[in-house]
Amino acid sequence: MSAPLTARALGRALLARQHLLQRSTLDAAAMVRHLVGLQAQAAPEPPYLGLLSRIEGFAPEQLTALLEDRGAVRIALQRGTIHLVTADDCLILRPLLQPVLDRGLRTTYAKRLPGLDLTDPADPAGDLAALAARARPLVEAEPLTFQQLGPLLAPAYPGSDPAALAQAARCALPLVQVPPRGLWGRGGPAAHTTAEHWLGRPLDPAPALDGLVLRYLAAFGPATAADVQKWSGLTRLGPVLTRLGDRLVRLRDAQGRTLYDLPEAPRPDASAPAPVRLLAPFDNLLLSHADRTRVLPEEYRPRVMTVNGIVLGTVLVDGSVAGSWKTEEDVLTVRPFAPLPRAALAGVEQEGARVLALGGTPDGRVVVLPAE
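These figures come from a predicted structure and were not determined experimentally.

Analysis parameters
- Residues numbered from 1 in each chain as written.
- Predicted model: local features only at pLDDT ≥ 70, side-chain atom pairs only at ≥ 80, totals over all residues.
- Heavy atoms only, no water.
- Pairing = 2+ DSSP bridges.
- Helix = DSSP H or I, 4+ residues; strand = E, 2+ residues; numbered from the N terminus.
- Contact = heavy atoms within 4.5 Å.
- Axes fitted to C-alpha atoms, helices over the stretch in contact; angles between N-to-C directions.
- Polar contact = N/O pair within 3.5 Å; in protein donor to acceptor, adjacent residues only side chain to side chain.

> How should I be thinking about the sheet that holds strand 3 (residues 82-86) in this particular structure?
To summarise the sheet geometry, strands pair through backbone hydrogen bonds and adopt either a parallel or an antiparallel arrangement. In space, the 5 strands of this open sheet follow the order 1-3-2-4-5, with antiparallel pairing throughout. Looking at the sheet topology across the chains shown, the edges are occupied by strand 1 (38-39) and strand 5 (192-194). As paired strands, strand 2 (residues 72-76) and strand 4 (residues 175-177) are joined by 2 bridges and run antiparallel to one another. Each bridged residue has a counterpart across the sheet, and for Ile75 the counterpart in strand 4 is Val176. In this fold helix 5 (residues 87-96) packs onto strand 2, strand 3 and strand 4, with an angle of close to 125° to the strand it touches most, strand 3.

Structural data, given as structure tokens:
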């Protein structure tokens, strides 16, 4: 077996596959597909900022057109969170990730749904199937927010919380958020209809879990089974990796853990230069591994991932998180967690200027605060 991969080497492999060592010329649709979606619960900026950091010449109109033309959608997928994915991937990923939504419904909302039996959500004659049959014509007649949908379902389920009923509908049906929700510079309420109605196509009846794991490794590998599970929200994926057999190579990290990877995937040398990058809030780079230390030092994790579930925009310096950033009006403020190398300051200025230009304030200022 080859020498163990250090955290730095794993970080370089991840950054290469995420197009954060060198920006790509892929179009927005191709990049969204390669990344297997972008986390998008905080509408609308994070997916746009995520593409800006990875695509040379990216303009927000590219992603907006993709959403308006129904080439991409916003839907609950990995980890039960809203992701922006291509239309094709929506129809593949949604049935694959159904167990994640089922588990989330049971653990979070079961006590608020006393009239529903959630023990077998896949039962075509069960309570969730009946709720889906009630909800589908409502959201396909016109897109509805959960605040609208829940009360419409409530008369059939006395004693159940309308908000929880709307969440049950999201579990039972593949509900997409329709534009203008999530559009750059516009936005709107989170109104939902079914993916089948919006896209005019059915869900994939037999999607391949093996394919999902291979695509994860192409974008996020090398990785352990625990990493794939953290990213997807699915469990018991070890047997899938074993089943893939000779299609994968087996490596190990500095702790001796088995890593799986695609044979031809890039694994740059740990000394490969990594330019400064500004990551979007909720960037999947930081959310897709059980062990995030390949790019996020453990001592900085509480400063990036807050107790109320917010994931801040972060600054990558030499391939590792070194601070956070945010914008207010025409000022982009960087908060370093330790003094930044002098050579990194020019990169922070350049990357900050790109973010400000995307937001329509090319004459804005980048302010780097003293290290905390």
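> Help me out: how do you make sense of the sheet that holds strand 12 (residues 365-368) in this one?
Sheet architecture is open: 5 strands sit in the order 8-9-10-11-12, paired in mixed fashion. This sheet does not close on itself; its edge strands, each paired only once, are strand 8 (277-279) and strand 12. Going across the sheet, the axis of each strand differs from the next one's by a mean of 30°, ignoring polarity. Pairing analysis gives 6 bridges linking strand 10 (residues 320-328) to strand 11 (residues 331-336), with the strands arranged antiparallel. In the sheet register, Gly323 faces strand 11, and the bridge partner there is Pro336. On top of the sheet, helix 15 (residues 342-358) reaches strand 8, strand 9 (313-317), strand 10, strand 11 and strand 12; it is set at about 140° to strand 12, its chief contact.

> Teacher, can you tell me more about the side chain of Ser232 here?
Structurally, Ser232 can be placed in helix 12 (residues 225-232). Only 3.0 Å separates the side chain of Ser232 from the backbone oxygen of Val228, close enough to count as a polar contact. Beyond its immediate sequence surroundings of up to four residues, Ser232 is in contact with Gln78, Arg79, Leu97, Val100 and Leu237.

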